[in-house]
Amino acid sequence: MSFELCTRIVNAIDADGPIPFSRYMAMALYESGLGYYVNGLHKFGAAGDFVTAPEQGSLFALALARELDRAAQALGPDWTALELGPGSGALARDVLLQLERPPARYLLLEPSAPLREVQRATLQDLPEDLRARVEWIGAPPASEFDGAIIANEVVDALPVERFGMTGSGIDQYRVTIKNGRLAWSTAPAEGRLLESVEHIVSDLAEPPGPGYVSEVCVDLAAWLATVTAPLARGLVFAVDYGYPRREYYHPDRTEGTLVCHYRHRAHFDPFFWPGLTDISAFVDFTAVAEAGRRVGLEIAGFTNQAGFVLGSGIAERLDAVTDERERIRLSGELKRLVLPGEMGEKFKLLALVRDFEHSPDAFALSDQLGRL
Ligand SMILES: C[S@@+](CC[C@H](N)C(=O)[O-])C[C@H]1O[C@@H](n2cnc3c(N)ncnc32)[C@H](O)[C@@H]1O
């Protein structure tokens, strides 16, 4: 499978010359039938390549459900939930099971056909009343809705450009073939990439110097505009590993943020077995906030995962658990979600709202808006 995908990548390079990294990443992840997210192989959980917060257990979903319940109170019973890139479907299942005010519709926007099947299997045992609310869609709904959009670890999977600072300008990193292997080449950056990097640099107190390499998701604003277009009134939760811009493009982070996963090992070689390895980049949350403002969304909160989970009050739930084994299991799960060396600091939550008054309770414990 990886061999077939490599042949397609080589053919693209033969036809067009060195290709932008964003095109390589799009092929490695989404090339029809062969890319990492569309080839039908295991990805999530113990048998896959990585474990996301919803795969750890249901505590993260419970924290989110608490916040969604508060929003649902104001939105009314006809509210819609739209989850982007739902992966295994675990978050959808556990949020639906733990909501006190479930939405009238829970829409799953999943571009990958094999993943839609995984999600169907995960959700099939939901009580009929909840299962009847679930619907798969291939594109954002054409008609407007009031509700909430959830994107957990989706932005990190959007293809990025890689760029490098030279003494005299900015280079685009491209993918070529050298000695029969995939390899990097560079060319002066132009167009939208050049504009995006110039914008970033103009926003930094300490601009990166020669030799500095990093990434930028040039299509982020267009993607956010498309997926949030039908949201008439409500909120958006973007959850991912990432940093505010000043930390993302910190002068010490000279090698960028690309990270690949293969069977629970993180590595940094995006050319290692294309199609079998996940490739992602950390998220510039300042860019997500900027893109949101451009499409009429306001920033309602920004915090790290520790702040969000602890702020939601779910830790107190552990006190009520009487079964000792269950209590130990839950406290292990909680630690993985909140400890700074685990997911607690690396993962951030950004809440955006449109025509909706909502200050997320769970963000109040550790409001980090000033970092954006
Ligand atoms: C890293 S997985 C995260 C899965 C899940 N949300 C979780 O946290 O376990 C990325 C997901 O985003 C989906 N995805 C990729 N590009 C997307 C896009 N443009 N719109 C919506 N979903 C997308 C992938 O197919 C996959 O389901």
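Here the residue index of a chain counts from 1 through its sequence in written order. Only residues with pLDDT of 70 or above have their local features reported here, since the model is predicted, and side-chain atom pairs are shown and tallied only from 80 upward, although totals for entire chains, interfaces and linings are computed over all residues. Only hydrogens and water are removed before side-chain values are computed, so all heavy atoms of the structure are retained for them.

A.B. asks: Mind showing me how you'd approach the nonpolar core here?
C.D. replies: One broad trend across soluble globular proteins is that nonpolar side chains are buried collectively. Remark: nonpolar core denotes a set of buried residues (Ala, Val, Leu, Ile, Met, Phe, Trp, Tyr, Cys) joined through side-chain atoms within 4.5 Å. Only protein chains enter the area calculation, which uses a 1.4 Å probe; residues under 20% of their type maximum are buried, those over 50% are exposed, and those in between are partly exposed. Membership of the largest hydrophobic core comes to 92 residues, with the highest contact counts inside it found for Tyr24, Leu68, Tyr106, Ile279 and Phe308. Secondary structure counts use DSSP, requiring at least four H or I residues in a row for a helix and at least two E residues in a row for a strand, with both numbered from the N terminus. Element by element, the count of residues in this core is highest for helix H4 (residues 59-75), at eleven residues. Here this core gathers at least three residues from each of two domains, domain 1 (2-24 + 160-216) and domain 2 (53-157 + 219-371). The contact rule is simple, with two residues in contact once any of their heavy atoms fall within 4.5 Å. Excluding anything up to four places from it in sequence, Phe308 contacts Phe60, Ala63, Leu64, Thr303, Leu349, Ala362 and Phe363. In terms of nonpolar packing, the next biggest core, distinct from the first, is built from 27 residues, Ile137, Ile149, Val154 and Val288 among them. In this document the domain limits rely on a domain assignment from an automatic tool or a database.

A.B. asks: Sorry, what's going on with the domain arrangement of the protein here?
C.D. replies: A common way to report how large an interface is uses the accessible area buried once the components associate. The domain architecture assigned to the protein consists of domain 1 (2-24 + 160-216) and domain 2 (53-157 + 219-371). Measuring from the centre of the C-alpha atoms in domain 1 to the corresponding centre in domain 2 gives 29 Å. The partner domain 2 presents 23 residues to the 25 residues of domain 1 that form the contact. Using a 1.4 Å probe, buried area is obtained as the accessible area two parts lose upon being combined, added over both of them. Carbon and sulfur atoms make up 61% of the area that domain 1 and domain 2 hide from each other, which totals about 1,900 Å². One salt bridge connects Asp203 with Arg245, and the closest N-O pair in it is separated by 2.9 Å. Pairs of N or O atoms are called polar contacts if they sit within 3.5 Å, as long as, within protein, a hydrogen donor faces a hydrogen acceptor (for residues adjacent in sequence, only side-chain-to-side-chain pairs). The interface formed by domain 1 and domain 2 holds 13 residue pairs in polar contact (both at pLDDT 80 or more) in total. Only helix H1 (2-16), helix H2 (21-30), strand E6 (161-165), strand E8 (181-188), helix H8 (191-202) and strand E9 (213-216) provide two or more residues apiece to the side of domain 1 that touches domain 2. For this classification, Asp, Glu, Lys and Arg are treated as charged, while Ala, Val, Leu, Ile, Met, Phe, Trp, Tyr, Cys and Pro are nonpolar and the rest, including Gly, are polar. Per-class residue counts for the side of domain 1 that touches domain 2 are 16 nonpolar, four polar and five charged. A pair is scored as a salt bridge if a Lys or Arg side-chain nitrogen falls within 4 Å of a carboxyl oxygen belonging to Asp or Glu.

A.B. asks: In this structure, what is going on with the pattern of salt bridges? I would like to understand it.
C.D. replies: Pairs can form between side chains of opposite charge whenever their charged atoms are close. Tallied over the full model, the rule gives 19 salt bridges. The residue Asp16 makes a salt bridge to Arg23 at a minimum N-O spacing of 2.8 Å. Here Arg131 ties to Glu128 by a salt bridge, and the two come within 2.9 Å at their closest N and O atoms. Taken together, the residues span about one helical turn, with Arg131 and Glu128 both in helix H7 (residues 128-131) at a distance of three residues. Accessibility expressed as a relative area gives 36% for Arg131, which makes it partly exposed. In this structure Glu128 comes out as partly exposed when scored by relative accessible area, which is 49%. One network of salt bridges, with partners in common, ties together Asp203, Arg245, Asp284 and Glu290.

A.B. asks: Help me understand empty space enclosed by the protein in this model?
C.D. replies: The method is simple in principle: a probe with the dimensions of a water molecule rolls over the atoms, and the space it marks as empty is what remains. A cavity, in this analysis, means grid points on a 1 Å lattice covering only the protein atoms where a 1.4 Å probe fits yet has no way out; a pocket is instead an open set bounded by protein on both sides within 12 Å along at least five of seven lines, and a residue lines either one if it has an atom within 4 Å of a point. Grid points are joined across faces, edges and corners, and a volume is the space filled by probe spheres set on the points. The full count for this structure, using the stated rule, is two cavities of 30 Å³ or more. For the largest cavity, the calculated volume is near 60 Å³. For the largest cavity, the full set of lining residues is Leu84, Ile149, Ala151, Val155, Trp223, Leu224, Val227, Thr228, Val236, Phe237, Ala238 and Val288. At the level of elements, strand E5 (145-152), helix H9 (220-228) and strand E10 (231-243) are the ones that each hand at least two residues to the lining of the largest cavity. Per element, the largest residue contribution to the lining of the largest cavity is four residues, and it comes from H9. Here the residues of the lining of the largest cavity sort into eleven nonpolar, one polar and no charged. Taken as a whole, the second largest cavity holds about 30 Å³ of empty space. Those elements giving two or more residues to the lining of the second largest cavity turn out to be E6 and H8. The element contributing the most residues to the lining of the second largest cavity is H8, with three residues. Grouping the amino acids of the lining of the second largest cavity by side-chain chemistry returns eight nonpolar, no polar and no charged.

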